[in-house]
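Coordinate inspection notes
For reference, the chains in residue letters:
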Amino acid sequence: MFQRAVGDSIRGRVIIYTVFGAVIMIYAASLAILDVERHATGSHITTFGDAIWWSITTVTTVGYGDLAPVSGAGRVVAVALMMGGITLVGVVTATLASWIVQRVAEEDNANQAATGAQIEELREEIRRLAKLVADDREPAYGEGREGF
């Protein structure tokens, strides 16, 4: 239903791809960090739940600091996930900005069309009034004519 509602617009597809991309990115990063950190000395990321929590806090750029990778490979996964999170925030922000710009442009176009119609109505009224004034100024038969 959501796909039908917004799937026709590019913005809707971007939102859908972003959401699914974020879910896949978080899941893959969770598996990767769990794989490299589970047996690392001093690591606190030892369960899949910990890995999911760490991935979500990292991708959203919150990073509470309660869980952090201690291995080099874990830090590489963290950097990749941080970059993905920043990209995700950028896509969401750009999509929202695009929607706002479109709404403002639609409102502006509607206002311009209404103003154009009002201007045309005023022009027609001016033409009608000018014709009435011109008709009133024409002298009647025999008035104002010399020699009659």
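Further up the page is the structure itself.
Residues numbered from 1 in each chain as written. Predicted model: local features only at pLDDT ≥ 70, side-chain atom pairs only at ≥ 80, totals over all residues. Heavy atoms only, no water.

On to the overall build of the chain. Each helix and strand in the chain was counted, giving 4 helices and 0 strands. Across the chain, helices and strands are ordered from the amino to the carboxyl terminus as α-α-α-α. Buried positions account for 20% of the 148 residues belonging to the chain. In the chain, the share of contacts with a sequence separation of at least 24, taken over all contacts with a separation of at least 6, comes to 52%. For the chain, the exposed surface amounts to about 10,800 Å²; the carbon and sulfur share of it is 64%. (Helix = DSSP H or I, 4+ residues; strand = E, 2+ residues; numbered from the N terminus. Buried < 20%, exposed > 50% of the residue type's maximum accessible area, 1.4 Å probe, protein only. Contact = heavy atoms within 4.5 Å. Areas by Shrake-Rupley, 256 points an atom, 1.4 Å probe, with all protein chains shown as cover.)

Below, the discussion takes up the pattern of salt bridges. Tallying each qualifying case throughout the model produces 5 salt bridges. Note that R127 and E120 form a salt bridge whose closest N and O atoms lie 3.6 Å from each other. Here R127 ties to E124 by a salt bridge, and the two come within 2.5 Å at their closest N and O atoms. Of this pair, R127 and E124 both sit in helix α4 (residues 72-137), 3 residues apart, which is roughly one turn of that helix. Of the residues examined, R127 reaches a relative accessible area of 46% and is grouped as partly exposed. One continuous salt-bridge network, built from bridges that share partners, spans E120, R123, E124 and R127. (Salt bridge = Lys/Arg side-chain N within 4 Å of Asp/Glu carboxyl O.)

Here we come to the nonpolar core. Core analysis: the biggest nonpolar cluster contains 12 residues, these being I26, A29, I33, L34, I45, A51, W54, V59, L67, V77, A78 and L81. Among the elements of the structure, α2 (10-37), α3 (48-59) and α4 are those that each provide at least two residues to this core. (Core = buried A, V, L, I, M, F, W, Y, C linked by side-chain atoms within 4.5 Å.)

Our focus in this paragraph is the side chain of T58. Positionally, T58 belongs in helix α3. Separated by 2.7 Å, the side chain of T58 and the backbone oxygen of W54 make a polar contact. Among residues more than four places away in sequence, those in contact with T58 are A78, L81 and M82. (Polar contact = N/O pair within 3.5 Å; in protein donor to acceptor, adjacent residues only side chain to side chain.)

What follows covers α2. Over its 28 residues, α2 runs 39 Å from end to end, which matches the ideal 40 Å to within 8%, given 1.5 Å per residue. Among all positions in α2, only G12, I16, T18, A22, I26, A29, S30, I33, L34 and E37 are buried. (Expected span 1.5 Å × (residues − 1).)

This part is about the packing of α3 against α4. As a packed pair, α3 and α4 sit with axes 8 Å apart at the nearest point and diverge in direction by 50°. In terms of orientation, α3 lies oblique with respect to α4. Contact with α3, carried on its side by W54, S55, T58 and V59, involves V77, A78, L81, M82, G84, G85 and L88 of α4 and no other residues of that element. Grouping the amino acids of the contact of α3 with α4 by side-chain chemistry returns 7 nonpolar, 4 polar and no charged. (Axes fitted to C-alpha atoms, helices over the stretch in contact; angles between N-to-C directions. Parallel < 35°, antiparallel > 145°, perpendicular 65-115°, else oblique. Nonpolar A, V, L, I, M, F, W, Y, C, P; charged D, E, K, R; others polar.)

Before going further, it helps to spend a moment on the environment of R11. Mapped onto the fold, R11 is located in helix α2. Sequence separation between R11 and A94 is 83 residues, and the spatial gap between their C-alpha atoms is 9.8 Å. Once residues lying within four places of it in the same chain are set aside, the contact partners of R11 are T95, S98, W99 and Q102.

The subject of this paragraph is α4. Relative to the 98 Å expected for 66 residues at 1.5 Å per residue, α4 spans 96 Å between its end C-alpha atoms, a close match to the ideal helical length. The set of residues buried in α4 consists of G74, V77, A78, L81, G84, G85 and T95. The inward-facing, buried residues of α4 contact α2 and α3.

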